[in-house]
Amino acid sequence: MRIICPVKRVPDTAATKAVKDDLTLDRESVETVLNANDEWSIEEALRIKERTPDTEVIVLCVGPEQAQTTVRKALSYGLDGAIQITDDAIAGSDAAGIAEIIGSALADEEFDLILMGNQSSDARTLLVPAMFAEYLDIPALTYARKLDIDGAKLRVERETASGYQVVEAEMPAVVSVVEAINEPRYPTFKGIMAAKSKPMTVKSLDDIGLDPTQVGLANAWTQVLEVTPKPPRQAGEKVEDDGSGTVGAKALADFLTSRKFI
């Protein structure tokens, strides 16, 4: 079995973000990390590999040359190799553009399963897995909280607001996972050292047969019109209770009512 795990290089969630003149995020001004949601898909791929002989797991990353640090982090968990799509024309691509890039990158790759996180911590569109599955014309099983494989058949418990749905499909397919699916392991020192020598193939848009005019900021389907900085945090209001609990309870109820929580 061959599993592809797309991952993303994202800004550290806790970092203060800066926006460039073209209203895109300045990713080089903050510390970047491996998207946390992708750690669940990597863990699930490794569990499949551990119980399925002759399984190869390949990480795929779309990003600048600096994203190789993120790729090596993914490899440190124990993956076998990597594909990185790097091209200046990619900058500013939206979800549709990234989906087309991934679809083009995998069009000539052999795989049985594409396993990825359901969203990225910076964009949170939840769109990319289903969109590039459409480009590849294969099933997409999203929001998976449990994944079972029986031969070429996938069975997924798909998380919903009210419970879960059970869906099935034949491989090849795309599966995007949610946090409930597993508890990711930590990379070992041996894995970190081994990641430095794992094979990595770097490709441009031309290498995957994609015209640069189809992606990038100028060709995005969506457009950011305005960016407003987060307002500074204001001091809270302190309520002194008389010991009965009545004053504090009323103040809390009034606050929640004013915010329309109750």
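Up top is the structure.
Since we're looking at a predicted model, the values are computed, not measured. (Residues numbered from 1 in each chain as written. Predicted model: local features only at pLDDT ≥ 70, side-chain atom pairs only at ≥ 80, totals over all residues. Heavy atoms only, no water.)

Another aspect to go through is the nonpolar core. With 34 residues, the main nonpolar core has Leu79, Leu113, Leu115, Leu147 and Val175 as its most contacted residues. When residues of this core are traced back to their parent elements, those giving at least two are β1 (2–7), α1 (36–51), β4 (56–62), α2 (68–75), β6 (113–117), β7 (140–150), β8 (153–160) and β10 (173–177). Of all the elements, α1 adds the most residues to this core, at five residues. Every residue in contact with Val175, bar those within four places of it in the chain, is listed here: Leu113, Ile114, Leu115, Met116, Leu141, Ala144, Leu147, Leu154 and Val156. Ranked by size, the runner-up nonpolar core spans 26 residues in total, among them Ile58, Val62, Ile85 and Ile208. (Core = buried A, V, L, I, M, F, W, Y, C linked by side-chain atoms within 4.5 Å. Buried < 20%, exposed > 50% of the residue type's maximum accessible area, 1.4 Å probe, protein only. Helix = DSSP H or I, 4+ residues; strand = E, 2+ residues; numbered from the N terminus. Contact = heavy atoms within 4.5 Å.)

A water-sized probe rolled over the atoms picks out the places where empty space is left. Here the structure, examined in full by the defined rule, presents one cavity of 30 Å³ or more. Taken as a whole, the largest cavity encloses approximately 40 Å³ of empty space. Considering the residues around the largest cavity, the lining is formed by Ser93, Asp94, Ala96, Gly97, Glu100, Tyr135, Gln214, Val215, Gly216, Asn219, Ala220 and Trp221. It is helix α3 (residues 95–106) that provides the largest number of residues to the lining of the largest cavity, a total of three residues. Class assignment for the residues of the lining of the largest cavity results in five nonpolar, five polar and two charged. (1 Å grid on protein atoms, 1.4 Å probe; cavity = no way out; pocket = protein on both sides within 12 Å on 5 of 7 lines; lining within 4 Å. Points joined across faces, edges and corners; volume = space filled by probe spheres on them. Nonpolar A, V, L, I, M, F, W, Y, C, P; charged D, E, K, R; others polar.)

Moving on to the layout of surface pockets. Put simply, the second largest pocket is a space of about 200 Å³. Lining of the second largest pocket is provided by Lys17, Ala18, Val19, Val227, Thr228, Pro229 and Lys230. The class makeup of the residues in the lining of the second largest pocket is four nonpolar, one polar and two charged.

In this section: a nonpolar patch on the surface. Together, Val19, Val224 and Val227 give the surface a local cluster of nonpolar side chains, amounting to about 220 Å² of exposed area. Mapped onto the secondary structure, Val224 falls in the loop between β11 (200–203) and α6 (246–258). (Patch = residues over 30% accessible without salt bridge, like charges linked within 9 Å, V, L, I, M, F, W, Y side chains within 5 Å. Areas by Shrake-Rupley, 256 points an atom, 1.4 Å probe, with all protein chains shown as cover. Salt bridge = Lys/Arg side-chain N within 4 Å of Asp/Glu carboxyl O.)

Another aspect to go through is the side chain of Asn35. Among the secondary structure elements, Asn35 is positioned in the loop between β3 (32–34) and α1. Among the residues examined, Asn35 registers a relative accessible area of 1% and is labelled buried. With residues near it in sequence (within four places) discarded, Asn35 still touches Lys8, Val10, Gln119, Ser120 and Ser121.

As a further point, take the pattern of salt bridges. This structure, assessed with the given rule, holds 15 salt bridges. Residue Glu50 is joined to Arg185 by a salt bridge in which the shortest nitrogen-to-oxygen separation is 2.7 Å. Taken as a pair, Glu50 in helix α1 and Arg185 in the loop between β10 and α5 (189–195) lie far apart in primary sequence, 135 residues in all. Look at Glu50 and you get exposed, because its relative accessible area is 56%. A residue is classified by how much of its surface remains accessible, and Arg185, at 28% relative accessible area, is partly exposed. Each of Arg2, Glu56, Glu109 and Lys203 takes part in salt bridges that share partners, so that together they form one network.

On their own, these measurements won't tell you what the molecule is for.
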